[in-house]
Amino acid sequence: MAPPAGATDKRDGDLLKIAARYGELIKVGAQVGVVPQVELWGFSQTLCRLGEVALVAIESGQPQACILLDIYHIYKGGSLLTGLPLLNG
């Protein structure tokens, strides 16, 4: 997983920078046979919304990019459930 560790109490508004870092993390993970996931953390100030984690995954430029969601953190972060059908399982 690639949770927003270290960014739970502050807002990092540069999601494109986060996406680039996640893209690099995917490359590192590929070297050891793992695929890092961007995790939605509802209590965090960064990556607490469905749209934010989707943007990071999409803008990483990596076809292996994926996100980890759970209903609690979707609710806790204030995302609408109507966005879920836009994502493919």
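Here, every reference points to the structure presented above.
1. Quick notes on the overall build of the chain
Tallying secondary structure elements over the chain gives three helices and two strands in all. Seen in sequence order, the chain has helices and strands lined up from the N terminus as α-β-α-β-α. Among the 89 residues that make up the chain, the fraction classed as buried is 37%. Of the contacts formed within the chain by residues at least 6 apart in sequence, a portion of 70% connects residues at least 24 apart. On the chain, roughly 5500 Å² of surface is accessible, and the fraction owed to carbon and sulfur atoms is 59%.

2. A look at the pattern of salt bridges
Summed over all chains, the structure comprises one salt bridge. Here Glu24 ties to Lys27 by a salt bridge, and the two come within 3.2 Å at their closest N and O atoms. Linking Glu24 with Lys27, this pair stays in helix H1 (residues 15-32), spanning three residues, or about one helical turn. Residue class for Glu24 comes out partly exposed when judged on its relative accessible area of 46%. Residue Lys27 is classed as partly exposed on the basis of its relative accessible area of 41%.

3. Here we look at the environment of Lys76
Secondary-structure assignment places Lys76 in helix H3 (residues 71-77). It is 10.0 Å that separates the C-alpha atoms of Lys76 and Leu40, two residues lying 36 residues apart in sequence. Beyond its immediate sequence surroundings of up to four residues, Lys76 is in contact with Gly42 and Phe43.

Calculation notes
Residues numbered from 1 in each chain as written. Predicted model: local features only at pLDDT ≥ 70, side-chain atom pairs only at ≥ 80, totals over all residues. Heavy atoms only, no water. Helix = DSSP H or I, 4+ residues; strand = E, 2+ residues; numbered from the N terminus. Buried < 20%, exposed > 50% of the residue type's maximum accessible area, 1.4 Å probe, protein only. Contact = heavy atoms within 4.5 Å. Areas by Shrake-Rupley, 256 points an atom, 1.4 Å probe, with all protein chains shown as cover. Salt bridge = Lys/Arg side-chain N within 4 Å of Asp/Glu carboxyl O.

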